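Each chain, written out:
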Amino acid sequence: MQDGGLGHAGLLIGAVAAITAAAAWWPRVAYRLSVAPLESPRAECLSCGQAFAPGRRGWLRGGSACRNCPQPWWITSLLAGAMSGALTWRAAAFTGEHLLILTCWLAIIQAGVLLSLIDLAVMRLPVRLVMGLAAIVCVCVGTAALLSAQPQLLLTAMMAGLAVGAFYLLAALALPSQIGLGDVRLATILGFALGVNGWTAVVLGTALPYLLAPPFALALLLRGGSRKAQLPFGPFLIAGAVIAQFLTGS
Ligand SMILES: [Zn+2]
């Protein structure tokens, strides 16, 4: 927290509370969207058979995806709140381009919770959700570059997105069972967002997922998972990018 005093502290607490509460609404949405490509969203809980309400109401539920089947939904909510709090605390100011970049990262964290829950359930990152996030990130970064009269921000972001995308595309071609095209798309967007901070952020954000994932892969193996059991990479991409942004952002 570099300036602002009370106003900054108030915004920080507000952002953490809002993000923690908002993230509690994702488990139901994630559960319904945890289907194979082109399949329609789940209309009922597969564990107890409870049908979800028709229309919009069927998507709105805070806490566990199904009211009969408890799940530790608060873990992702608290993680989202903690990550948002850390980035809000790190923000240099809450005006102009700084506010836009912070908004971009808070959107990445929210979308990250939804995408991670789906990736953990069915090992995929739905294209439409990733593209929705891409649109938000592009608008935020583009407007920030315009407002601050720093077109090079956008240029570096685009170059970083292309570089990270190319790296992950090669990784997906080399290790098709570990890295999917969804990971390539998500990594490209995160590389673009990190590019605003320069190349140190981009390199850090690209390396961190590879440091964060192995302990979980080992734990999975020790718990009796087969050597071929897949670990979704989306949550590590998001976590790595947020940590890189925290360490290098301003
Ligand atoms: Zn249920």
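For clarity, every value in this text was computed on a predicted model and none was experimentally measured. (Residues numbered from 1 in each chain as written. Predicted model: local features only at pLDDT ≥ 70, side-chain atom pairs only at ≥ 80, totals over all residues.)

Participant: Please clarify how the overall build of the chain should be interpreted in this entry.
Facilitator: If you tally the helices and strands in the chain, you get nine helices and zero strands. Starting at the N terminus and ending at the C terminus, the chain contains elements arranged as α-α-α-α-α-α-α-α-α. The C-alpha atoms of the chain give a radius of gyration of 18 Å, which matches the 18 Å a tight globule of 250 residues would have. With the C-alpha coordinates of the chain rotated into their principal frame, the extents come out at 55 × 45 × 35 Å. Long-range pairs, those at least 24 residues apart, make up 71% of the contacts in the chain between residues at least 6 apart in sequence. (Helix = DSSP H or I, 4+ residues; strand = E, 2+ residues; numbered from the N terminus. Rg over C-alpha atoms; globule rule 2.2 N^0.38 Å. Contact = placed C-beta atoms within 7 Å.)

Participant: Please explain the environment of Ala17 as it appears in this structure.
Facilitator: Relative to the assigned elements, Ala17 resides in helix α1 (residues 6–23). Classification of Ala17 as partly exposed rests on a count of 13 C-beta atoms within 10 Å. Considering only alpha carbons, one finds Ala17 and Gly198, 181 residues apart in sequence, at a separation of 30 Å. (Buried ≥ 20, exposed ≤ 12 C-beta atoms within 10 Å, placed from the backbone.)

Participant: What is the right way to look at unusual backbone geometry in this model?
Facilitator: Leaving glycine aside, a negative phi is the common case for residues, and trans is the common case for peptide bonds. You will see that Leu38, though not glycine, has its phi angle at about 70 degrees, which is positive. Of note, Leu38 is situated in the loop between α2 (26–33) and α3 (74–90). Even without glycine at this site, Ala149 takes up a positive phi of about 50 degrees. You can see Ala149 is positioned in the loop between α5 (127–147) and α6 (151–174). Among the residues examined, Ala149 registers 8 C-beta atoms within 10 Å and is labelled exposed.

Participant: What is the right way to read the environment of Phe52 from this model?
Facilitator: For Phe52, the location among the structural elements is in the loop between α2 and α3. We classify Phe52 as buried; it has 20 C-beta atoms within 10 Å. The contacts of Phe52, once residues within four sequence positions are left out, are Arg32, Ala43, Glu44 and Gly58.

Participant: What is the right way to look at α6 in this model?
Facilitator: Because each turn of an α-helix spans 3.6 residues, side chains separated by three or four positions end up pointing in the same direction. For α6, built from 24 residues, the straight-helix expectation of 34 Å at 1.5 Å per residue is met to within 8% by its first-to-last C-alpha distance of 35 Å. Looking only at α6, the buried set comprises Leu153, Thr156, Ala157, Ala160, Gly161, Val164 and Tyr168. In this fold, the buried residues of α6 make contact with α5, α7 (181–195) and α8 (199–222). (Expected span 1.5 Å × (residues − 1).)

Participant: Just to check I follow, could you spell out helix α4 (residues 96–122) for this structure?
Facilitator: The end-to-end C-alpha separation of α4 is 39 Å, in line with the 39 Å expected for 27 residues at 1.5 Å each. Note on α4: the residue one or two positions beyond its end, Met123, has a positive phi of about 55 degrees.

Participant: Help me understand the packing of α4 against helix α9 (residues 234–248), please; the structure alone is not making it clear to me.
Facilitator: The relative placement of two packed helices is expressed as an angle between their axes plus a distance between the axes. α9 packs onto α4 with a crossing angle of 160 degrees between their chain directions and a minimal axis gap of 8 Å. Viewed along their axes, α4 and α9 adopt a mutual orientation that is roughly antiparallel. In the packing of α4 onto α9, the handedness of the crossing is left-handed. Here Trp105, Ile108, Ile109, Gly112, Leu115, Ser116, Asp119 and Leu120 of α4 lie close against α9, whose contacting residues are Gly234, Pro235, Ile238, Ala241, Val242 and Gln245. Residue composition of the contact of α4 with α9, grouped by class: nine nonpolar, four polar and one charged. (Axes fitted to C-alpha atoms, helices over the stretch in contact; angles between N-to-C directions. Parallel < 35°, antiparallel > 145°, perpendicular 65-115°, else oblique. Left-handed = near helix turned anticlockwise from the far one by under 90°. Nonpolar A, V, L, I, M, F, W, Y, C, P; charged D, E, K, R; others polar.)

Participant: Looking at this structure, how should I read the nonpolar core?
Facilitator: Soluble globular proteins tend to bury their nonpolar side chains together. Membership of the largest hydrophobic core comes to 62 residues, with the highest contact counts inside it found for Ile108, Val141 and Ala193. Looking at which element gives the most residues to this core, the answer is α4, with 14 residues. (Core = buried A, V, L, I, M, F, W, Y, C linked by C-beta atoms within 7 Å.)

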